[in-house]
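# Overview (structure and organization)
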Amino acid sequence: MTQISILDLVRIREGSNAREALDNARDLAHHAEGWGYRRFWMAEHHNMQGIASAATSVAIAHVAAGTSTLRVGAGGIMLPNHSPLVIAEQFGTLDALFPGRIDLGLGRAPGTDQLTLRALRRNPSSADTFPQDVLELQAYLGPVQPGQRIRAVPGADSQVPLWILGSSTFGAALAAEFGLPYAFASHFAPEALDMALQVYRARFKPSEQQNAPYAMVGVNIIAADSDEEARRLATTQQMSATDAVRGARGLSRPPIDNIEDYWTPEEKYHATHKLACSIIGSPSTVRAGVDQLLARTGADELMIVSDVFNHHHRLRSYELISGLFKD
């Protein structure tokens, strides 16, 4: 049966703050654990007024402390922003605190704009060494080798599972070559979904971590008791996508009655293209959409984004979604 998991954007809402966003993430994870979700991920974003997960490993610790069995991790860490040793130490520490429950998804994008990239002291060419950095990180998290002079403490021999994240065939090919599970970011970049999955499965080489391909597909799902209510809740995400088109990322906005009043035809085209992998509606509508997505992709797991403004409505959305996977 297909596994379901959560990617929480840790949105900061209008009228709220980062502390409430992080506490809401922890509360959602607590509920998700009881609803049968497999894992709960957060992502590294920088200089974004409306997202509270920039210090991703710290946010993971906060959420993991509020749960007991749910896997908690990064979806993902943008590895070229960091030294592999530092990430091995951070996630080795998380594994020491929450053994057997930590995931480490890795991406090569900056997770921010070019100006902030320079503030991070990131070399513009650092993405070119992403494959080598993944192997270096994997070595730090693996068994200590004879004569090894640099160790991740904690981290060495923790075997924290690595994932490769991507929105193109590059990540798919890399995950296949290294024999790692692969998560495709179709929730915001759906264009190459089918080709990336094809490349990943066709080229996969078994490894110590993974003996067969394992593909996770990101999808926006907003569920409510009626199609009409779900469509209204979805305007929060549609406004965020429109703001991204405008280059004006801000706080999460409450839903509105008519999204057509918010975007121009050109903005609508770009925002709806970005959100093409979305399923919005009542449980029966969502069920039909999920069945279609699974038939198309054969995904082993769905990573669900339910970007809803009100925390209680968001909890309700994830609860309704979980009910569709219990039969």
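Reading the values: rules and limits
What you see as residue numbers is a count from 1 along each chain, following the sequence as written. Side-chain atom pairs in this predicted model are given and counted only at pLDDT of 80 or more, local residue features only at pLDDT of at least 70, and totals for whole chains, interfaces and linings cover all residues. For side-chain calculations, the full set of non-hydrogen atoms in the structure is used, while hydrogens and water are omitted. Put simply, DSSP marks the helices as runs of H or I at least four residues long and the strands as runs of E at least two long, and each gets a number from the N terminus on. Burial here depends on accessible area, computed with a 1.4 Å probe over protein chains only, as a share of the maximum for the residue type. Under 20% is buried, over 50% is exposed, and the range in between is partly exposed. A 3.5 Å cut-off defines polar contacts: any pair of N or O atoms within that distance qualifies, except that in protein one atom must be a possible hydrogen donor and the other a possible acceptor, and neighbouring residues in sequence count only when both atoms are side-chain atoms. One side-chain nitrogen of Lys or Arg within 4 Å of one carboxyl oxygen of Asp or Glu is enough to make a salt bridge. Axis lines are fitted through C-alpha atoms, for helices just across the contact stretch, and the angle between N-to-C directions can take any value from 0 to 180 degrees. By definition in this entry, angles of less than 35 degrees are roughly parallel, angles greater than 145 are roughly antiparallel, angles of 65 to 115 are roughly perpendicular, and the rest are oblique. Each crossing is labelled by how the near helix is turned from the far one, with a counterclockwise turn of less than a right angle marking it left-handed and a clockwise turn marking it right-handed. Only heavy atoms matter for contacts: two residues are in contact if any of them lie within 4.5 Å across the pair. All amino acids are sorted into three groups, where Ala, Val, Leu, Ile, Met, Phe, Trp, Tyr, Cys and Pro are nonpolar, Asp, Glu, Lys and Arg are charged, and the leftover types, Gly among them, are polar. In this description, a nonpolar core means a group of buried Ala, Val, Leu, Ile, Met, Phe, Trp, Tyr and Cys residues linked to one another through side-chain atoms lying within 4.5 Å. Following DSSP output, two strands are said to pair if at least two bridges run between them.

Here Gly75 and Gly76 are connected by a cis peptide whose omega angle stands at 10°. By secondary structure assignment, the location of Gly76 is in strand E3 (residues 71–78). The omega torsion of the bond from Val153 to Pro154 falls at -5°, within 30 degrees of zero and hence cis. Here Pro154 lies in the loop between helix H5 (130–141) and strand E5 (162–166).

Moving on, we get to the environment of His46. Position of His46 among the secondary structure elements: in the loop between strand E2 (39–42) and helix H2 (56–64). According to the relative accessible area criterion, His46 is buried, its value standing at 12%. With 67 residues separating them in the primary sequence, His46 and Asp113 have C-alpha atoms 8.2 Å apart. A polar atom in the side chain of His46 sits 2.6 Å from the side chain of Glu44.

This part is about the pattern of salt bridges. Inspection of every chain in the model, using the stated rule, returns 18 salt bridges. Its salt-bridge partner being Arg253, residue Asp243 comes within 3.3 Å of it at the nearest N-O pair. With Asp243 in helix H9 (residues 235–246) and Arg253 in the loop between H9 and helix H10 (265–274), the pair connects residues that are 10 residues apart, well separated along the chain. Residue Arg316 is joined to Glu319 by a salt bridge in which the shortest nitrogen-to-oxygen separation is 3.6 Å. With Arg316 and Glu319 both in helix H12 (residues 311–323) and three residues apart, this pair spans about one turn of that helix.

Here we come to the packing of helix H3 (residues 84–97) against H5. Across the interface, H3 lies against H5 with an axial gap of 9 Å and an inter-helix angle of 40°. Judged on the interaxial angle alone, H5 and H3 are oblique. The crossing of H3 and H5 is right-handed. Across the interface between the two elements, Pro84, Leu85, Ile87 and Ala88 of H3 pack against Asp133, Glu136, Leu137, Tyr140 and Leu141 of H5. Looking at the contact of H3 with H5, its residues break down into seven nonpolar, no polar and two charged.

Turning next to the packing of helix H1 (residues 18–35) against H2. Two measures define how a pair of helices packs: the angle their axes make with one another and the distance between the axes. For the pair H1 and H2, the least separation of the axes is 8 Å and the interaxial angle reads 45°. Taken together, the axis directions place H1 and H2 in an arrangement best described as oblique. Where H1 crosses over H2, the two elements pack in a sense that is right-handed. Judged by residue contacts, Leu22, Asp23, Ala25, Arg26 and Ala29 of H1 engage Ala59, His62 and Val63 from H2. Partitioning the contact of H1 with H2 into residue classes produces five nonpolar, one polar and two charged.

The subject of this paragraph is the nonpolar core. Within the largest apolar cluster, 74 residues are counted, with the highest numbers of intra-cluster contacts made by Tyr37, Leu104 and Leu302. Take this core: its biggest share by element is six residues, from H1. Setting aside its immediate chain neighbours within four residues, Tyr37 contacts Ile4, Ser5, Ile6, Ala32, Leu70, Ile304, Tyr318, Ile321 and Ser322. Ranked by size, the runner-up nonpolar core spans 10 residues in total, among them Leu7, Leu9, Ala183 and Val305.

Below, the discussion takes up the side chain of Ser282. As for its position among the elements, Ser282 is in the loop between strand E8 (278–281) and helix H11 (283–297). In this structure Ser282 comes out as buried when scored by relative accessible area, which is 9%. Beyond its immediate stretch of four places on either side in the chain, Ser282 contacts Ala224, Asp225, Ser226 and Asp227.

With five of five residues buried, E5 is to be regarded as a mostly interior element. Neither face of E5 is open: one carries Leu162, Ile164 and Gly166, the other Trp163 and Leu165, and all of them are buried. One ladder, built from three bridges, connects strand E4 (residues 102–107) with E5; its direction is parallel. Within E5, the residue paired with Gly105 across the bridge is Trp163. Note: E5 against strand E6 (residues 182–184), three bridges, orientation parallel. Each residue of the ladder has a partner; that of Ile164, found in E6, is Tyr182.

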